[in-house]
Amino acid sequence: MSGRFVRSSKYREAAYLLSPTKIVARNLTGTRTRLRAVHKKVSRNAWDTNLVKVNPRYLSVNWEAGGGGAFAVIPLEERGKLPEKIPLFRGHTAVVLDTDWNPFNDDLIASGSDDGRVLLWRVPENFTLRPDVDPDDIQDIAPVGKLSGHPKQAPPMPLFFVLLLHLSENILATASGDFTVKVWDIEAGAPKFTLNLGDIVQSQSWSANGSLLVTTSRDKKLRLWDVRQERPAQETQGHSGAKNSRSVWLGERDRIATTGFSKMSDRQLALWDIRAPREPINGFKTLDSISGVCMPFWDDGTQCLYLAGRGDGNIRYFELENDKFEYLAEYKSSDPQRGVAFMPKRGVNAHENEVTRAFKTVNDSYIEPISFIVPRRAESFQDDIYPPTIGLTPAMGPADWIAGKEAIPPKISMASLYEGEGLKEVTGVQDKPTATMSAPEPSPAPKPVDSSVKKASEPTREPTPVAKPAPSMKEQGASMAAMVSKFADKEDEESEPAEESSFDEIPKPVEQLSRSTDSLSKEEPKTQPSPPKVATPVAERASPANTPAATTPTVPAGPTLTSTAAVAADAMQREVSSIKELIAEQTKTIALQAEQMQTLTAEIESLKAKLG
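Please read all numbers here as calculations on a predicted model, not as lab measurements.

Chemist: Even after reading the chapter, I still don't get the pattern of salt bridges, so can you show me in this structure?
Modeler: Two side chains bearing opposite charge may form a pair once their charged atoms approach each other closely. The full count for this structure, using the stated rule, is 24 salt bridges. When the shortest N-O distance is used, the salt bridge between Asp226 and Arg231 registers 3.6 Å. Overall, the relative accessible area of 0% leaves Asp226 in the buried class. The class of Arg231 is partly exposed, set by a relative accessible area of 25%. One salt bridge connects Asp254 with Arg255, and the closest N-O pair in it is separated by 2.8 Å. You can call Arg255 buried: its relative accessible area is 9%. Here the residues in one salt-bridge network are Asp254, Arg255, Asp273, Arg275 and Asp323, joined through shared partners.

Chemist: Sorry if this is basic, but what is going on with the sheet that holds strand β20 (residues 246-249) here?
Modeler: Here we have four strands laid out as an open sheet, ordered β20-β21-β22-β23, and antiparallel in their pairing. For this open sheet the edge positions go to β20 and β23 (281-288), each flanked by a neighbour on one side alone. Neighbour to neighbour, the strand axes of the sheet diverge by 20° on average, direction disregarded. Both strand β22 (residues 267-273) and β23 contribute to a ladder of four bridges, which runs antiparallel. Among the inter-strand pairings, Leu269 is bridged to a residue of β23, identified as Lys285.

Chemist: What am I meant to see in the sheet that holds strand β19 (residues 231-237) here?
Modeler: Two orientations exist for strands paired in a sheet by backbone hydrogen bonds: parallel and antiparallel. What the four strands build is an open sheet, ordered β16-β17-β18-β19; its pairing is antiparallel. At either margin of the open sheet sits one strand with a lone partner, and together these are β16 (201-206) and β19. Adjacent strand axes in the sheet meet at a mean angle of 20° when their direction is disregarded.

Chemist: Just checking my understanding: could you explain the UniProt feature "repeat: WD" (unreviewed entry) in the protein for this structure?
Modeler: Within this numbering scheme, the UniProt entry marks residues 89-131, 170-194 and 201-235 as carrying the feature "repeat: WD" (unreviewed entry). Between the first and last C-alpha atoms of residues 170-194 the distance is 16 Å; the span itself is 0% helix and 68% strand. For residues 201-235, the helix share is 0%, the strand share is 66%, and the end-to-end C-alpha distance is 14 Å.

Chemist: I would appreciate a short explanation of the pairing of strand β30 (residues 366-373) in the present structure.
Modeler: Across a regular strand the side chains alternate sides, sitting on one face of the sheet and then on the other. Taking burial as the measure, the eight residues of β30 include eight buried ones, the bulk of the element. Covered by surrounding structure in β30 are Tyr366, Glu368, Ile370 and Phe372 together with Ile367, Pro369, Ser371 and Ile373, the residues of both alternating faces. Pairing analysis gives eight bridges linking strand β29 (residues 354-362) to β30, with the strands arranged antiparallel. For Arg357, the partnering residue across the bridge sits in β30 and is Ser371. Remark: three residues form the turn of the hairpin made by β29 and β30, two consecutive strands paired antiparallel; Asn363 in that turn has positive phi of roughly 55°.

Chemist: Mind showing me how you'd approach unusual backbone geometry here?
Modeler: Glycine aside, a negative phi is what most residues show, and trans is what most peptide bonds show. Not every positive phi belongs to a glycine, and Asn126 is a case in point at roughly 60°. Tracing the backbone through its elements, the reader meets Asn126 in the loop between β10 (118-122) and β11 (145-147). The phi angle at Asn353 is positive, at roughly 60°, despite the residue not being glycine. Following the sequence through the fold, Asn353 ends up in the loop between β28 (340-342) and β29.

Chemist: I tried to follow the packing of aromatic side chains on my own but got confused; where do I start?
Modeler: Here the structure, examined in full by the defined rule, presents 18 aromatic pairs. Between Tyr306 and Tyr317, the ring centres sit 5.6 Å apart and the planes meet at 40°, which makes this aromatic pair tilted. Taken together, the residues Tyr306 in strand β25 (residues 304-309) and Tyr317 in strand β26 (residues 315-321) connect sequence positions eleven residues apart. In this structure Tyr306 comes out as buried when scored by relative accessible area, which is 1%. Taken together through their ring pairs, the aromatic side chains of Phe297, Tyr306, Tyr317, Phe342 and Phe372 make up a single cluster. When the ring centre of Phe261 is taken as reference, the NZ or CZ atom of Lys243 above it lies at 5.2 Å.

Chemist: I tried to follow the confidence of the model for the protein on my own but got confused; where do I start?
Modeler: A low pLDDT means the predicted coordinates there should not be read in detail. When pLDDT is averaged along the protein, the result is 77; 69% of the residues meet or exceed 70. Between residues 449-474, whose pLDDT stays under 50, and residues either more than four places distant or in other chains, the model counts 32 contacts.

Chemist: Help me understand the side chain of Asp299 in this model?
Modeler: Considering the arrangement of structural elements, one finds Asp299 in strand β24 (residues 294-299). Separated by 3.3 Å, the side chain of Asp299 and the backbone nitrogen of Gly301 make a polar contact. In this structure Asp299 touches Cys304, Tyr306, Lys345 and Val355, once residues within four positions along its chain are discounted.

Criteria and cut-off values
Residues numbered from 1 in each chain as written. Predicted model: local features only at pLDDT ≥ 70, side-chain atom pairs only at ≥ 80, totals over all residues. Heavy atoms only, no water. Salt bridge = Lys/Arg side-chain N within 4 Å of Asp/Glu carboxyl O. Buried < 20%, exposed > 50% of the residue type's maximum accessible area, 1.4 Å probe, protein only. Pairing = 2+ DSSP bridges. Helix = DSSP H or I, 4+ residues; strand = E, 2+ residues; numbered from the N terminus. Axes fitted to C-alpha atoms, helices over the stretch in contact; angles between N-to-C directions. UniProt positions renumbered as here; feature names shortened; annotations may be inferred. Phe/Tyr/Trp six-rings, centres within 6.5 Å; stacked < 30°, edge-to-face > 60°. Lys NZ or Arg CZ within 6 Å of the ring centre and 35° of its normal. pLDDT = per-residue confidence, 0-100. Contact = heavy atoms within 4.5 Å. Polar contact = N/O pair within 3.5 Å; in protein donor to acceptor, adjacent residues only side chain to side chain.

Next up, the structure:
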C-alpha cells in the first residue's frame, strides 16, 4: 500500500481505500496460481485495443495464430499452465483486433478483425481447454454468425473495436477503418445506423440508458452521438496530443472521463459534463510523462476510476467526488501490461471485500489477475461498498431501442450473491434515467411553432404599467428610448399578417381605430352585415363625433370584432397616451436640464476668467 489518508471517505477505516493484491484468485485446492498462456501466444498486433475481455465465467484474449485470425477463451476455473494446443475460436482470415462479451449471456461473444468482418460465437457447453482427446484431434470452435455491412474494399477495412450495448440484447457498435461506426441489430443481421466520423476511431463507450455514444478519434475530437439520429449531439476539442485518447462513460451519471496526451506528450485525465462539453471540468489534469496510453475503467459501485497504463505495470485509481477525481493510491508492478480487462461487479468475491478484479497480460506470455480489496473485516455483507448492480436481464429488445426507447436494465442484489441465493432483482426496468444521470437524448431541431396557435393558446396579458422617469438625464433618456422601442416592437408584431386564428384579426381594427376622426370620416362604409354591438362603444371611445365611419370600422369579411379586441384596443390607446405624456414630460425635463447645463458652463467660464 502507498499514499496517505487526507480526507473524509466512507473507506476511512482503510486509510488508503483499496489494497490491491496480486494473484488472489484461488482454485478449489486453495493454491495460488496464474492464468498462463505459454509460448508468448498473446497477440502481438500493435493496434491499440485492450487485448483481453472478461465476464464472470470466461476470459477472451486475442491470440497469435497462423493461418488466419483467432482468439482464445479461457474458463476462469481452469488455472495453471495451459496445454501446448488448445481449442481456439477460429474463423477470421486476418488477426483478431477486439472482442466483447454479451452483457446478458456469458456464453456469447463478438469479435472484430483486420479482415473487416464481425463474427458471432457461442462458447460450447462444458467447454474446457483440456479436452479428453488426443492433441491432434482437438477441434477449433466455429462462429455461429457473421455480420456484413462495412464496404468491401481491397484491402478490406479493419474492424478496430466491437462494443455491445449494456442495455439491450443484440445491439452492437463496430468501429471500422472506413472512418465510420456502425450500429447493428444482430437479430436482423444488418446495420441500422451509421455514424460518419471522418477519421480513425480510437475509443467508444455507451451511455447507461443507451441513447448516446461517446467517441474519440484521430482528429482529436470528442463527440457525443445521438445514435438513432446518426448525428453528433455535441462535439468539442479533446486532448491535443498526437497519441491515442480513450473515453469511458461514468455509469448512470451525465459525466464522461477521457485519457489522452498534451502537446508535450504528457498523459492527461479529463472529466466532462455532457450538457456543456466545450471544456473539461477543472481542465486537463496532468498525470505523468509516460508514453503508454492510459486505459480507463469505471466502477459504478465504489464510484472509482481505474487507469491502467499500457506498456507500464501500474494501475492507479481515483474516487469521483464533487466533480473532481481524488487520487487514492496506485498498484505498482515491474511487469508491463499491454492489455487489461475488468470483471463485471457480479463476478467479484464479496466475502473477501473484493470490489473489483483486473486481468492483465504480462510479457505476452501469461494473464495475471489483480484483486482490489477494501481491507476491513468481512464478517458480514458490506452493503456500503456493494450497491445493487446490473444483472442478466436486458431492459428491452432491439426493436424497442431502435424505435427510440430509453431505459436502465433491472438491477440485482449483491447481498443475494453473498448469501448464495443467486441473482435476485431488486429493481425493475427504469423507464427514465436515475436522478444522478440527467443526460437526456439530444432532440432534433424544434419544429417552428405556428404563431397563430401560440397566440390562441396564451391568455391575454394586461399591459405593463409605464415606469416613471428617473431623476437623471441619462436614465431618463434610456427610459424614453426603451419605451419608444417597446412601442415600435408592439406595432411590428401587431402588423404581421393573419394566419389561422381569429385572434390575428385584432391588430387591423385596432390600427384603424387609432386613426384620427377626420381620416376615418373620409372612408365610405362598405355594404356588409351589421357589426356586433360590442363594436359601437369601442368606436365611440376612439371617435367622440360618433360618425358612421367611426362606428363601423372596415374589417375583413369573415372574422368579427370580439370583446377581446375591444379590450386590446382600449389598452393600446391608453398605452399610446401614456407614452406621449412621458415623452412630453421627458422633453421638458431635458430642456430644463440643458438650460441648467448652460448656466453651469457660464459660471465655470466666469470662474476660470477670474482665476486666470
